[in-house]
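# Topology and contacts: notes
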Protein chains: 2
Amino acid sequence: MPSVFSASLAPAGPFSEAERAAVYRAIFTRRDVRSQFSPRPVDEALLTRLLTAAHHAPSVGFMQPWDFVVIRDAAVKARVQAAFRAANAEAAAMFPDTRRPLYDALKLEGIIEAPVNLCITCDRNRGGPVVLGRTHAPEMDLFSTVCAVQNLWLAARAEGVGIGWVSIFREGALREILSLPEGVVPVAYLCLGHVEALHDQPELQARGWRDRLALETLIHRDGWGQGAG
Amino acid sequence: MPSVFSASLAPAGPFSEAERAAVYRAIFTRRDVRSQFSPRPVDEALLTRLLTAAHHAPSVGFMQPWDFVVIRDAAVKARVQAAFRAANAEAAAMFPDTRRPLYDALKLEGIIEAPVNLCITCDRNRGGPVVLGRTHAPEMDLFSTVCAVQNLWLAARAEGVGIGWVSIFREGALREILSLPEGVVPVAYLCLGHVEALHDQPELQARGWRDRLALETLIHRDGWGQGAG
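Just so you know, these numbers come straight off a predicted model, no measurement behind them.

Thresholds applied
Residues numbered from 1 in each chain as written. Chains lettered and ligands numbered in written order. Predicted model: local features only at pLDDT ≥ 70, side-chain atom pairs only at ≥ 80, totals over all residues. pLDDT = per-residue confidence, 0-100. Contact = placed C-beta atoms within 7 Å. Least-squares fit on C-alpha atoms with pLDDT ≥ 70 in both. Helix = DSSP H or I, 4+ residues; strand = E, 2+ residues; numbered from the N terminus. Pairing = 2+ DSSP bridges. Axes fitted to C-alpha atoms, helices over the stretch in contact; angles between N-to-C directions.

### Things to note about the confidence of the model for chain A
Do not read the predicted coordinates in detail wherever pLDDT is low. This prediction gives chain A a mean pLDDT of 95; 96% of its residues lie at or above 70. Across residues 1-5 of chain A the pLDDT falls below 50, and counting only partners more than four positions away or on other chains, this stretch makes two contacts in the model.

Set out below in structure tokens:
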């Protein structure tokens, strides 16, 4: 159907076999990194490529609710690590005794070693009070921001940069350290750095914390529990 | 440092230039699709590749909280579309008169035309009451599920499959139609189908709804509002 908009359509068939393999390679070899960061600096041009990938994530109503707080300052990192440690002491105490020794042995962050830390935030008021697609699901702005995180994570894998997502902070800790304004919430606190090796499976699986589930047990047909597999 | 785990490390430097270009091509040419779906069926092998990509998303504590409800049944799709229409009538009424004609002219879903619909859910109780990394941020399971959505979206682009995320439903509508059990929440309702062309920019931008923000205005240094750009 001809329309005034048809000029903006571009061909979009499948990628070549080699291109498809590259996309799947990024997806399957991406890891959450805590220990493999090289001290080699991450240059600005590379960081800009990663942030550009994040900025091209889908967003509800094209809201683009994200901001990027890039942290290289050692003093800021030290405050963030202290906030992690306070929360992680609380977290450790929540696990049953049988799990506690393994939990305590896990390294869960690389805040100091990673040359760059990055807090990706969500401005919950961006785009005004009514946002297309968010009228019935106010959390869609947070979800859009997570899509930006995953775009960045996969681009980073292709660039040889590892990323670790640190989520153990008391509420308000990052807001205070990074001076986030009212209405802007931290969605992801990421550690970034070049890596030369990564675990060949998720580290929590390698260390015996939890196994990968069988995909076929997670598939349902036309409704929950119908014709799984 | 030698460790019993070092055997599981694999080399992980940057991809080749061609591989990097393929990953960025997926990121930059991915679109939210409402109108370009081909009626050509999506075969099971292809769908399984996409679900496998989703299943390899990062998840908090390796929780893997997602399930995949694959919908091909026309009657189920019709009920979902009716739920969308009821909610969208409410949504349209929320926009000011100046935006209303454009809002009403936008096609916001391809539920019926897309050969496959897919609801990706989050089981908020998977992995028990205490999940590593989720102790202080209970929403991390939802965010993990969104990472699965974005993995699938990028893999789909590489496969020549378009995806549209429909988020305009009254709370509880999808739960009821898909018989989701207590504790399992719908995170994303997606329409999937082969596409031969896509918009060369986000459709909402092409149609004059909203422009892309300048990336440099979204970057902060070591704290909010410091040395942006």
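Additional details are given in the paragraphs that follow.
### Points about the relation of the copies chain A and chain B
The transformation that overlays chain A on chain B combines an axial shift of 0.0 Å with a rotation of 180°, and the residual RMSD is 0.0 Å. Taken together, the rotation and translation describe the operation of a two-fold axis. Taking the C-alpha atom as reference, chain A places A:Val23 closest to the rotation axis, 2.6 Å from it. Interface residue correspondence from chain A to chain B reaches 100%, placing this contact among same-surface, isologous pairings.

### Points about unusual backbone geometry
The phi angle at A:Gln64 is positive, at roughly 50°, despite the residue not being glycine. By the element assignment, A:Gln64 lies in the loop between helix H2 (44-55) and strand E2 (66-71).

### Some points on the sheet that holds strand E7 (residues 219-221) of chain A
Strand order in the open sheet formed by five strands is E7(A)-E2(B)-E3(B)-E5(B)-E4(B), with mixed pairing between adjacent strands. Bordering the open sheet on either side are E7 of chain A together with strand E4 (161-166) of chain B, each of which pairs with just one other strand. Recorded for the sheet is a direction-independent mean angle of 25° between the axes of neighbouring strands. For E4(B) and strand E5 (residues 184-194) of chain B, the ladder comprises six bridges, and the chain directions are antiparallel. From the neighbouring strand, B:Val166 faces E5(B), where its bridge partner is B:Tyr189. Against the sheet, helix H2 (residues 44-55) of chain B engages E7 of chain A together with strand E2 (66-71), strand E3 (116-123) and E4 of chain B, with an angle of about 160° to E2(B).

### As for the sheet that holds strand E4 (residues 161-166) of chain A
The strand order E4(A)-E5(A)-E3(A)-E2(A)-E7(B) describes an open sheet built from five strands, whose pairing is mixed. The open sheet terminates on both sides in strands that have one partner only, identified here as E4 of chain A together with strand E7 (219-221) of chain B. Across the sheet, the axes of successive neighbouring strands diverge by a mean angle of 25°, strand direction being ignored. Note that E2(A) and E7(B) share three bridges and pair parallel. Considered in E7(B), the bridge of A:Val69 is made with B:His220. On the sheet, H2(A) packs against E2, strand E3 (116-123) and E4 of chain A together with E7 of chain B and is oriented at approximately 160° with respect to E2(A).

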